[in-house]
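Here are the chains, one letter per residue:
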Amino acid sequence: MVVFALFIISKAGGLIYNREFHSGLTKLTSNDYLMLAGSFHGMHAITKQLCPVPAAAINPTSGVPSLAPSPFTSRPSGIEVLESSHFRIQCFQTLTGTKFLLFTEPQQPNVDSVLRRIYELYSDYVMKNPFYTVEMPIRCEKFDRSLDGFVKVRS
Amino acid sequence: MTAQGQTPGLRYPSNKKTIYDRNLSRSKNSELSRAAFAYLFVEMISYAQKRVKGIADLEKRLNNQGYPLGLKLLELLLARAPPNSALRPTRILPLLQFIAQTLWRHLFNRPADALERSENDASQYMLYDNDPMVNQYISLPREMSQLNCAAFVAGIIEGVCDGAGFATQGVSAHSVGEEPGGEKGSMWPGKTVFLIKFREEVLEREEILGRGG
């Protein structure tokens, strides 16, 4: 069970948080990270338009069968998983458009619940922090600490 | 929208029951949403941050926001206390006990963690909270590491002391979480001390009362 890294992409496509938990990914320059985030953001937006007619199922790559009927189920969701032989990128988009990208090993189970928990930590320690400005890079000590606590306990 | 010539300031709900018609003890054990408080506190801090000159100024403003709350809480909690124990504190120790126990329980649902008298200044008392609820979600930016948002709670304490007739030279909140030696190893990184400094006349009175009793 290895979680490599977490990216948070603002709704404008900027990389606002970048954290590595486990070494294993080859390091890129910070410029490349920004480009990766920007490209993913663009690709996500385009795949959202690719989505079949509303009534049909969402993107076939989304592995989440939703049990409860929700007004949002028929919303086009865009790309959710990218997988290679050595790692996997899972994307979770909040209703407000912020995207969480989690880099894990391909066989990592329950990525969904990990992302959901990270979203919870984000809404607690970032959104409830008076000194954080939305859409700006995240520098919150307690968010870092709680992420560490959560991810390290699980791996 | 339709004021109907009622007193301005006091809002009349549709069932005509104002806050004064409600039973004092009815909301005694009811809990409030912590998230709602957190968001409100975010706005309070943003509001206090407007046009401030420095960290001391900001803490002063937060303190001022808490002060009226302290005055009112003193009255409310004494009114709610069971009749035989509803005495206004007249000595320093019962007052501090009231703050550390009754007030803390009412606000944070647990007593304060420690209460001490300063060794080198007899007029100074220290009240410790290992993890102040108001700071739970707050991470300070590096350039403001001196700030402690529990200054708001310090204002509440100051209000209670003043309301009870114990004038203070100010109550302030300071972070004591990280000892210079043990960087991240400390168990309570958010530990906060509230310094309560009473005025001369309060100590004089205390001494006279002490001799009398």
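Small disclaimer: the values here were computed from a predicted structure and weren't measured. (Residues numbered from 1 in each chain as written. Chains lettered and ligands numbered in written order. Predicted model: local features only at pLDDT ≥ 70, side-chain atom pairs only at ≥ 80, totals over all residues. Heavy atoms only, no water.)

## So, the overall build of chain B
Next, step 1: Assigned secondary structure in chain B consists of five helices and four strands.
Next, step 2: For chain B, the α and β elements follow one another from N to C terminus as α-α-α-β-β-α-β-β-α.
Next, step 3: Expressed as a percentage of its 213 residues, the buried residues of chain B come to 36%.
Next, step 4: Surface exposure of chain B reaches about 13,200 Å², of which carbon and sulfur atoms provide 52%. (Helix = DSSP H or I, 4+ residues; strand = E, 2+ residues; numbered from the N terminus. Buried < 20%, exposed > 50% of the residue type's maximum accessible area, 1.4 Å probe, protein only. Areas by Shrake-Rupley, 256 points an atom, 1.4 Å probe, with all protein chains shown as cover.)

## With respect to the nonpolar core
Next, step 1: Formed by 46 residues in total, the largest nonpolar core has its most connected members in Ile-99, Trp-104, Ile-157, Phe-194 and Phe-198 of chain B.
Next, step 2: Elements represented by at least two residues in this core include exactly helix 1 (34-49), helix 2 (55-80), helix 3 (92-108), strand 2 (124-129), helix 4 (151-163), strand 3 (168-175) and strand 4 (192-198) of chain B.
Next, step 3: With nine residues, helix 3 of chain B is the largest single contributor of residues to this core.
Next, step 4: Sequence-distant contacts of Ile-157 of chain B, that is, excluding residues within four places in its chain, are made with Ile-99, Trp-104, Leu-127, Val-171, Phe-194 and Ile-196 of chain B.
Next, step 5: Judged by nonpolar contacts, the second largest core, of 26 residues, contains Val-111, Tyr-122 and Cys-140 of chain A together with Tyr-137 of chain B. (Core = buried A, V, L, I, M, F, W, Y, C linked by side-chain atoms within 4.5 Å. Contact = heavy atoms within 4.5 Å.)

## A word on the interface of chain B and chain A
Next, step 1: Contacts between the two partners involve 17 residues from chain B and, on the opposite side, 13 residues from chain A.
Next, step 2: Both faces considered, chain B and chain A share a buried interface measuring about 1,300 Å² in area, 59% of it formed by carbon and sulfur atoms.
Next, step 3: The interface formed by chain B and chain A contains zero salt bridges.
Next, step 4: Between chain B and chain A we count five residue pairs in polar contact (both at pLDDT 80 or more) in total.
Next, step 5: Taken together, the residues of the side of chain B that touches chain A sort by class into 13 nonpolar, four polar and no charged. (Buried area = accessible area lost by both parts, 1.4 Å probe. Salt bridge = Lys/Arg side-chain N within 4 Å of Asp/Glu carboxyl O. Polar contact = N/O pair within 3.5 Å; in protein donor to acceptor, adjacent residues only side chain to side chain. Nonpolar A, V, L, I, M, F, W, Y, C, P; charged D, E, K, R; others polar.)

## Description of the sheet that holds strand 1 (residues 3-9) of chain A
Residues and elements named next belong to chain A.
Next, step 1: One open sheet holds the five strands; their spatial order is 2-1-5-4-3, and the pairing between them is antiparallel. At either end of the open sheet lies a strand with only one pairing partner, and these are strand 2 (15-20) and strand 3 (81-83). Ignoring which end each strand starts from, the neighbouring axes of this sheet average 15° apart.
Next, step 2: Pairing of strand 1 with strand 2, which is carried by five bridges, proceeds in the antiparallel orientation. Bridging from a neighbouring strand, Leu-6 pairs with Arg-19 of strand 2.
Next, step 3: Here helix 3 (residues 141-154) sits on the sheet in contact with strand 1 and strand 2, set at roughly 45° to strand 2. (Pairing = 2+ DSSP bridges. Axes fitted to C-alpha atoms, helices over the stretch in contact; angles between N-to-C directions.)

## Considerations on the packing of aromatic side chains
Next, step 1: Here the structure, examined in full by the defined rule, presents 16 aromatic pairs over all chains.
Next, step 2: Seen in terms of ring centroids, Phe-7 of chain A and Tyr-33 of chain A are 5.5 Å apart; in terms of plane orientation they differ by 80°. Their pairing is edge-to-face. Separated by 26 residues along the polypeptide, Phe-7 of chain A in strand 1 and Tyr-33 of chain A in helix 1 (residues 30-50) bring together distant segments of the chain.
Next, step 3: Judged by relative accessible area, which is 2%, Phe-7 of chain A ranks as buried.
Next, step 4: A centroid spacing of 5.5 Å and a plane angle of 50° characterise the contact between Phe-41 of chain B and Phe-152 of chain B, whose relative ring orientation is tilted. Remark: Phe-152 of chain B occurs in helix 4 and Phe-41 of chain B occurs in helix 1; sequence separation between them is 111 residues. The pair Phe-41 of chain B / Phe-152 of chain B is uniform in exposure class, with both members buried.
Next, step 5: An aromatic cluster is present here, built from Tyr-17, Phe-92, Phe-100, Tyr-119, Tyr-122 and Phe-143 of chain A joined pairwise through their rings.
Next, step 6: In this arrangement the basic side chain of Arg-117 of chain A is found over the ring face of Phe-150 of chain A, its NZ or CZ atom lying 5.9 Å from the centre.
Next, step 7: Over the ring of Tyr-137 of chain B we find Lys-128 of chain A; its NZ or CZ atom is 4.6 Å from the centre of that ring. (Phe/Tyr/Trp six-rings, centres within 6.5 Å; stacked < 30°, edge-to-face > 60°. Lys NZ or Arg CZ within 6 Å of the ring centre and 35° of its normal.)

## Here we look at the pattern of salt bridges
Residue and element names in this part refer to chain B.
Next, step 1: Evaluation of the coordinates by the stated rule reveals 15 salt bridges over all chains.
Next, step 2: Measuring nitrogen to oxygen at the nearest pair gives 3.4 Å for the salt bridge that ties Arg-88 to Glu-75. Separated by 13 residues along the polypeptide, Arg-88 in the loop between helix 2 and helix 3 and Glu-75 in helix 2 bring together distant segments of the chain.
Next, step 3: For Arg-88, a relative accessible area of 39% corresponds to the partly exposed category.
Next, step 4: Arg-110 serves as the salt-bridge partner of Asp-113, at 3.6 Å between the closest nitrogen and oxygen.
Next, step 5: Accessibility expressed as a relative area gives 39% for Asp-113, which makes it partly exposed.

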